[in-house]
Amino acid sequence: MSINAHQSAVPAGTGTASVTNRLVEANRRYAEKFRDPGMDARPVLEVAVVACMDARLDLHKALGLELGDCHTIRNAGGVVTDDTIRSLTISQRALGTRSVVLIHHTGCGLESLTEEFRTELEEEVGQRPTWAVESFRDVDQDVRQSMQRVRTSPFLAHTDDVRGFVFDVHTGLLREITNE
Ligand SMILES: [Zn+2]
């Protein structure tokens, strides 16, 4: 381990390695105070939250969640992809969750992308990605589509409590999206 990892003031943003060193150092302090809560892997609140990876969205604080309460499944956009369904299926069938909460947010990076992103990638690297970008223009509609994908999945055991929201990154408030 580099000596830098032991210094408290490792500068951020000066390279990947130094950022990671900072995280490793933070973990050392975390572990010093950590007490094993002796929890089971099954989420206490029996809920899985699917959300965008956006750095401004602190899911646990925003939803009043504690350690062990829920599963959090995050990706670019918080979209329901095959891999999201994979995680939800395991969450429900192996680990006992019953409710699904979907959270998109204002000012999402996916609103400024198009599927053209894939074509540009193909031109640059000579290979077309197999995945869709899942970009969108109307965040409300995208939440509805995500709810629909969860509700119609044949793999999930519980689809009666699926709710979707848009998190406002300026006010911190959730706005619920209804089905229409
Ligand atoms: Zn986002």
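Residues numbered from 1 in each chain as written. Predicted model: local features only at pLDDT ≥ 70, side-chain atom pairs only at ≥ 80, totals over all residues.

K.L.:
Sorry, what's going on with the overall build of the chain here?
P.N.:
The secondary structure content of the chain amounts to five helices and five strands. Each helix (α) and strand (β) of the chain, taken in turn from the N terminus, gives the series α-β-α-β-α-β-α-α-β-β. Along the first, second and third principal axes, the C-alpha atoms of the chain reach 55 × 50 × 35 Å. When contacts within the chain are restricted to residue pairs at least 6 apart in sequence, long-range pairs at least 24 apart make up 60% of them. (Helix = DSSP H or I, 4+ residues; strand = E, 2+ residues; numbered from the N terminus. Contact = placed C-beta atoms within 7 Å.)

K.L.:
So what exactly am I meant to see when it comes to helix α3 (residues 82–93) here?
P.N.:
An α-helical turn contains 3.6 residues, so any two residues separated by three or four positions project in the same direction. Taking 1.5 Å of rise per residue, twelve residues should cover 16 Å, and α3 covers 16 Å from first to last C-alpha, within 8% of that figure. Among all positions of α3, only Thr84, Leu88, Ser91 and Gln92 are buried. The buried residues of α3 occupy one face: seen down the axis, they fall within an arc of 90 degrees. With respect to the buried face of α3, the exposed residues turned more than 90 degrees away are Asp82, Asp83 and Arg86. Its buried side turned inward, α3 meets β1 (47–52), β2 (70–75), β3 (99–105) and α5 (139–151). (Expected span 1.5 Å × (residues − 1). Buried ≥ 20, exposed ≤ 12 C-beta atoms within 10 Å, placed from the backbone. Arc of directions from axis to C-beta.)

K.L.:
Is there a simple way to think about the UniProt feature "binding site: Zn(2+)" (unreviewed entry) in the chain in this case?
P.N.:
Here the UniProt feature "binding site: Zn(2+)" (unreviewed entry) sits at Cys52, Asp54, His105 and Cys108. With the annotated positions falling across 57 residues, the maximum pairwise C-alpha distance of 8.4 Å places them together in a single cluster. Positionally, cysteine 52 belongs in strand β1. The buried category is assigned to cysteine 52, around which 22 C-beta atoms lie within 10 Å. (UniProt positions renumbered as here; feature names shortened; annotations may be inferred.)

K.L.:
Would you mind going over the sheet that holds strand β5 (residues 174–177) with me for this structure?
P.N.:
Consider a sheet: its strands pair through backbone hydrogen bonds, and that pairing is either parallel or antiparallel. A sheet is described by the order of its strands in space; here five strands give the open sequence β2-β1-β3-β4-β5, paired in mixed fashion. The open sheet has two edge strands, β2 and β5, and neither has a second partner. Neighbour to neighbour, the strand axes of the sheet diverge by 25 degrees on average, direction disregarded. Pairing of β3 with strand β4 (residues 162–167), which is carried by six bridges, proceeds in the parallel orientation. From the neighbouring strand, isoleucine 103 faces β4, where its bridge partner is phenylalanine 165. Packing against the sheet, α3 makes contact with β1, β2 and β3, and its axis sits at approximately 175 degrees to β2. Contacting β3, β4 and β5, α5 runs over the sheet at an angle of about 155 degrees to β4. (Pairing = 2+ DSSP bridges. Axes fitted to C-alpha atoms, helices over the stretch in contact; angles between N-to-C directions.)

K.L.:
I would appreciate a short explanation of helix α4 (residues 116–125) in the present structure.
P.N.:
When you tally the buried positions in α4, you get zero out of ten residues, a small fraction of the element. Once α4 finishes, glycine 126 follows within two positions and takes phi at roughly 80 degrees, a positive value.

K.L.:
Hey, could you run me through the pairing of β4 in this one?
P.N.:
Working note: regular strand, side chains alternate between the two faces of the sheet. Among the six residues that make up β4, five are buried, leaving the element largely enclosed by the rest of the structure. Here four bridges tie β4 to β5, and the two strands are oriented antiparallel to one another. Each residue of the ladder has a partner; that of valine 166, found in β5, is arginine 175. Adjacent in sequence and paired antiparallel, β4 and β5 are bridged by six residues, among which glycine 172 carries a positive phi angle near 80 degrees.

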